[in-house]
Amino acid sequence: MISPFVDGFLETAIGPIPRVATILSRLDHLGTFGARTGFTRDNYKVTPGLYCVGNPAGSSPVLVTANYKLTFDALRKELAGIDCWILVIDTRGINVWCAGGKGTFSAEEVAFQVQRAKLDKLVSHRELILPQLSANGVAARDVKKLCGFKARFGPILAARLPEFLQTGKAREDMRAVTFNFRERAALVPLEICLLWKHLLVAGLLFFFLSGISPEVFSKAAAQSRGATLILATLTAILAGAALTPLFLPWIPFRQFWLKGALLGGLSSIFFVAGTTTASPVEKLALILWISGCASYLAMNFTGATPFTSLSGVAKEMRKGLPFQIITAALALMFWLAEPFI
Amino acid sequence: MQDFRYLDDTAILRLTAEKCVGCGNCALVCPHRIFRVREQKAEILDPNGCMECGACAINCPVGAIYVNPDDGCGCAAYIINSWIARMKTGCGC
């Protein structure tokens, strides 16, 4: 089956090469939505191999990219009016930077795809342009050694490629990673959607725990108190997985677990102020639960940022995890104790 | 990336100046622009800006750069799993 983003074929010395569209279709946007919300994220791939844009010749540049469809789309939509080759390598459907870190975007894989595509019979030059963020997985000198093509690192963002191709140089600002509001906002849906399964399990558990009472099990209490706990958890998700990423640079503290605990704590105060049915002990339990939960979710967001070091995350987790475990345990204790007081 | 600062004195990044040949690969690939090459030697301008991505070390032709080699994306869930795995194999060192 021909992929829907292929809008023709270019006849070359090594056979027909699929030509890809530079405008994203409704289907592509739907796929982006699916990937960003986690529904199709784990199997959103492009077949590795050689593609082209426009009418490239032997002297046209070769751009190397990962086979995550979101990555591939981000690249091709910036290439309108440019004649070039795209070499998609097999990163198992993972983006450039993460694949570099995991070792699948490697010199060996680039060289393998160069040889498989018979690139040396297609182009007259011996140069590949790699995304700068693949440098954590690709030793450029090894690419040359393995396949004879020189690997050059292009800009971080595909959007800057036209300028790079024209001037042959990457300006300093093309080489520095950014994490602006829009980039952070794009990550929020996934942070939330990855939690659905956990929330479902938690919901059943909340229902069960909330019903435990002096008369063994109260179905009415299970329903009303269970619902309160679910709403509290949604508040924690809002604070830790949405507000923390969005307002990241403006929230005090550098450690993410503290940022999350702060926003969780503030949100929990609003939450308990809005619940009329909860007793003081229950309110205390809710404050602890929302704060601890939000703290954990914020801490987990470190994995999605482009500036947190692994050493730093491990360090803050040694403080954050005990806080989260203790708040959750106390919350559970108070919540269970309430019907018996 | 001056808007975003993470924990100071934490990232593991070492440059052995004697080995450095001044090729500039580290300065080229670093996504946080923390290197500078002067008089044929690289120097680290902003060690606290390092996120341990490892691009400099892997592209250093003479092995002059050492970065925390633990792999992983740095998300909490992943680190917890690696801690559990380490406990299971009985190696806490």
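Our structure's up above, just so we're on the same page.
Throughout this document, residue positions are counted from 1 along each chain, in the order its sequence is written. Both sets of labels track the order of writing: A upward for chains, 1 upward for ligands. For a predicted model such as this one, the threshold for reporting local features is a pLDDT of at least 70, and the threshold for listing and counting side-chain atom pairs is 80 or more; totals across whole chains, interfaces and linings nevertheless cover every residue. As a rule here, side-chain values come from all non-hydrogen atoms in the structure, and water together with hydrogens is ignored.

Asks: Could you clarify how one ought to interpret the overall build of chain B in this entry?
Replies: By definition, any uninterrupted DSSP run of H or I lasting at least four residues is a helix, any uninterrupted run of E lasting at least two residues is a strand, and each is numbered from the N terminus. Check the secondary structure of chain B and you find 3 helices and 4 strands. Ordered by position from N to C terminus, the α and β elements of chain B give β-α-β-β-α-β-α. Within the span of chain B, comprising 93 residues, buried residues form 39% of the whole. Sequence separation of at least 24 residues holds for 52% of the intrachain contacts in chain B that already meet a minimum separation of 6. Throughout, the Shrake-Rupley method with a 1.4 Å probe supplies accessible areas, and for residues the shown protein chains are the sole cover considered. Surface accessibility of chain B: about 5100 Å² in total, with carbon and sulfur atoms responsible for 52%. Only protein chains enter the accessibility calculation, which uses a 1.4 Å probe; a residue whose area is less than 20% of its type maximum is buried, one above 50% is exposed, and one in between is partly exposed. We call two residues in contact whenever any of their non-hydrogen atoms come within 4.5 Å of each other.

Asks: How should helix α11 (residues 219-246) of chain A be read in this particular structure?
Replies: Helical geometry note: an α-helix holds 3.6 residues per turn, so side chains three or four residues apart project in the same direction. Helix length check: α11(A) (28 residues) gives 39 Å between terminal C-alpha atoms against 40 Å at 1.5 Å per residue, within 8%. At Ala239(A), α11(A) is bent by approximately 25°, the largest bend along its length. Each helix should span, by expectation, one fewer than its residue count multiplied by 1.5 Å. Bending is quantified residue by residue as the angle between axes fitted to the seven-residue window ending at that residue and the seven-residue window starting at it.

Asks: What am I meant to see in the packing of aromatic side chains here?
Replies: Given two aromatic rings, their pairing is described by the distance between the two centres and the angle made by the two planes. Two rings from Phe, Tyr or Trp (for Trp, the six-membered ring) form a pair when their centres sit within 6.5 Å of each other. Planes less than 30 degrees apart are called stacked, planes more than 60 degrees apart edge-to-face, and all others tilted. Applying the stated criterion across every chain yields a total of 17 aromatic pairs over all chains. Taking 6.3 Å as the distance between ring centres and 80° as the angle between the ring planes, the aromatic pair formed by Tyr44(A) and Tyr68(A) counts as edge-to-face. Placement of Tyr44(A) in the loop between α1 (26-36) and β3 (49-53) and of Tyr68(A) in the loop between β4 (62-65) and α2 (69-76) is noted, with a sequence separation of 24 residues between them. Accessibility classification places Tyr44(A) together with Tyr68(A) in one group, the buried group. Centre to centre, the rings of Phe179(A) and Phe301(A) are 6.3 Å apart; their planes meet at 20°, and the pair counts as stacked. Taken together, the residues Phe179(A) in the loop between α7 (161-167) and α8 (181-185) and Phe301(A) in the loop between α13 (280-300) and α14 (310-337) connect sequence positions 122 residues apart. Judged by its relative accessible area of 6%, Phe179(A) is buried. In this structure, Lys102(A) is placed above the aromatic ring of Tyr78(B), and the distance from its NZ or CZ to the ring centre is 5.1 Å. The ring of Trp335(A) carries Arg225(A) above its face, with NZ or CZ at 4.5 Å from the centroid. By definition, being over a ring means that NZ of Lys or CZ of Arg is both within 6 Å of the ring centre and within 35 degrees of the ring normal.

Asks: What is the right way to read the environment of Ala239(A) from this model?
Replies: All names here are of chain A. With respect to the helices and strands, the residue alanine 239 is situated in helix α11. Note: C-alpha distance between alanine 239 and proline 189 (50 residues apart in sequence) is 13 Å. Among all residues touching alanine 239, those that are not within four sequence positions of it are Thr244, Leu263, Gly264, Ser267 and Ala294.

Asks: How should I be thinking about the interface of chain A and chain B in this particular structure?
Replies: By a widespread convention, an interface's size corresponds to the accessible area lost as its parts come together. Each side of the interface is counted separately: chain A has 45 residues, and chain B has 38 residues. At the boundary of chain A with chain B, total buried surface from both sides reaches about 3500 Å², with 63% on carbon and sulfur atoms. What counts as buried area is the accessible surface, traced by a 1.4 Å probe, that two parts surrender upon association, with contributions from both included. A per-residue breakdown of the area chain A buries against chain B is headed by Arg254(A), Phe307(A) and Leu310(A), which together make up 21% of the total. Residues Arg33(B) and Glu172(A) are paired through a salt bridge, measuring 2.6 Å at the closest nitrogen-oxygen approach. Salt bridge, as used here: a side-chain nitrogen of Lys or Arg that lies within 4 Å of a carboxyl oxygen of Asp or Glu.

Asks: Sorry if this is basic, but what is going on with the side chain of Thr104(A) here?
Replies: Residues and elements named next belong to chain A. Tracing the chain through its elements places threonine 104 in the loop between α3 (96-102) and α4 (107-116). Classification of threonine 104 as buried rests on a relative accessible area of 18%. Every residue in contact with threonine 104, bar those within four places of it in the chain, is listed here: Ile89, Asp90, Thr91, Arg92, Ala99 and Glu109.

Asks: Hey, could you run me through the pattern of salt bridges in this one?
Replies: Think of it this way: side chains of opposite charge can pair up when their charged atoms draw near. Residue and element names in this part refer to chain A. Under the criterion given, the structure shown has 17 salt bridges over all chains. Taking the shortest distance from any N to any O, the salt bridge between aspartate 73 and arginine 76 comes out at 2.8 Å. Of this pair, aspartate 73 and arginine 76 both sit in helix α2, 3 residues apart, which is roughly one turn of that helix. For aspartate 73, a relative accessible area of 2% translates into the label buried. One network of salt bridges, with partners in common, ties together Asp28, Lys69, Asp73 and Arg76.

Just distances and angles here, no functional claims.
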